[in-house]
Amino acid sequence: MRELIDQLAAEHTLPDREFAALLTQAGQGDREYLFHRARRVAQGRFGNRVYTRGLIEFTNHCRCDCYYCGIRRSNRQASRYRLEQEEILDRCATGYRLGFRTFVLQGGEDPAVTDRWMAGVVAAIKAAHPDCAVTLSIGERSGESYRLLRQAGADRYLLRHETATPAHYARLHPPAQTLERRMGCLQSLKELGYQVGAGFMVGSPWQTAEHLIADLRFLEQLQPAMVGIGPFIPHRDTPFARFPAGTLEQTLLLLGILRLMFPGLLLPATTALGTIAPDGREQGILAGANVVMPNLSPQGVREKYSLYDNKICTGEEAAESWEKLDARMRAIGYQLAVDRGDAPGFETVRRDMDRS
Ligand code: SAM
């Protein structure tokens, strides 16, 4: 198994059979060896600095009906909210004072979020904080919409592909939502020059090693700047309420594999990872992740952005949460960076854009 890990580190890929072996047969010693190598690669690129993104969950209205998601359209128990532009700007100002230099605006596919409104929000954030990056994570939109939002100043876009296997995608989503459309969106985003993030849930219902290998192959093709992965966690008011959650072990294994496949990748230790284990995010960093995304949403709405049960939602003020997370990172030899944290290769693009 160690030879496979060495091969992955050297060649950044493996044949399917070897990926399958790593995903299904790695023992504890192999896993530690993988994490050690992945950590060394991440440290070589990023040192001991962990990039931070302030996550602002600005709407939980959603027209989609993904079977796994707590804010799906059919969940009548969800208490819906939408932030005003001023509230978003207020959260960014607080975040900026603390050291955040990237703001991630995430939400359901809210029909009220028009291109005009969203572009206005992005432009206002960029005007107030020209040294910051804005990441959008607002689902599937038209190519024209993505173009307008990019023009307004959005730098990055997170749109997990969820699973690269069409039949599996069809079991996780209603028929109106297709993998083909999702892939088309990711392609448009790439062509428009966004730093694009794809990704998937680990341990989603019916997921197999073959599905995971298809995900890795899709990522090899897409070459995204970021990959967001986290365990699937059931939500009580969804059709998947009774499925088991994905595991910490499998998620960490995939983080290590992804780091060796894509040395410069922006790879978050996600909230879902911190939800299934109290030190899940630290373990994620120690397996090769290099990004954390603390919650910057107003206290009053955090519980309403309930994608899955028991999502971490500590009631801490943003300042407290920055300090505590920094202390946690320092305890494992890392520290939070006050930095936009662009994907390698995009720093020069940005400097050129700043000059023009
Ligand atoms: N609407 C946008 C989109 O679809 O990209 C952003 C919001 S969506 C809720 C963000 C991500 O949450 C999804 O890509 C999905 O992978 C994740 N998610 C939703 N339900 C989840 C669950 N039950 N467990 C773990 N992750 C979940």
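These numbers were taken from a predicted model, which means no experiment stands behind them.

In terms of helices and strands, the protein chain carries 15 helices and nine strands. A compact globule built from 356 residues should have a C-alpha radius of gyration of about 21 Å, and the protein chain, at 19 Å, falls within 12% of that. Each principal axis of the C-alpha distribution contributes one length, and for the protein chain these read about 55 × 45 × 40 Å. Counting across all 356 residues of the protein chain, residues that qualify as buried make up 58%. Considering only contacts within the protein chain whose residues lie at least 6 apart along the sequence, 75% involve residues at least 24 apart. If you sum the accessible surface of the protein chain, you get close to 14,500 Å²; carbon and sulfur atoms cover 49% of it.

A few words now on the state of the cysteines. According to the stated counting rule, one finds zero disulfides in the structure shown. Not engaged in a disulfide, the cysteine Cys132 finds its nearest cysteine sulfur in Cys92; these two sulfurs lie 7.9 Å apart. You can call Cys132 buried: its relative accessible area is 0%.

The next thing to look at is the UniProt feature "domain: Radical SAM core" (unreviewed entry) in the protein chain. According to UniProt, the positions carrying the feature "domain: Radical SAM core" (unreviewed entry) are residues 48-270. Across residues 48-270, helical content stands at 38% and strand content at 17%; the span's end C-alpha atoms are separated by 18 Å.

Taking strand neighbours across the sheet as the criterion, the six strands line up as 2-3-4-5-6-7 in an open arrangement whose pairing is parallel. Lying at the two open borders of the sheet, with one neighbouring strand each, are strand 2 (54-59) and strand 7 (226-231). Across this sheet, the average inter-strand angle for adjacent strands is 20°, counted without regard to direction. Sitting on the sheet, helix 5 (residues 115-128) touches strand 2, strand 3 (102-107) and strand 4 (133-137), and the angle it makes with strand 4 is about 155°. The strands touched by helix 9 (residues 209-222) are strand 6 (195-202) and strand 7; relative to strand 6, the strand with the most contacts, the crossing angle is about 175°.

The rules we used
- Residues numbered from 1 in each chain as written.
- Predicted model: local features only at pLDDT ≥ 70, side-chain atom pairs only at ≥ 80, totals over all residues.
- Heavy atoms only, no water.
- Helix = DSSP H or I, 4+ residues; strand = E, 2+ residues; numbered from the N terminus.
- Rg over C-alpha atoms; globule rule 2.2 N^0.38 Å.
- Buried < 20%, exposed > 50% of the residue type's maximum accessible area, 1.4 Å probe, protein only.
- Contact = heavy atoms within 4.5 Å.
- Areas by Shrake-Rupley, 256 points an atom, 1.4 Å probe, with all protein chains shown as cover.
- Disulfide = S-S within 2.5 Å.
- UniProt positions renumbered as here; feature names shortened; annotations may be inferred.
- Pairing = 2+ DSSP bridges.
- Axes fitted to C-alpha atoms, helices over the stretch in contact; angles between N-to-C directions.

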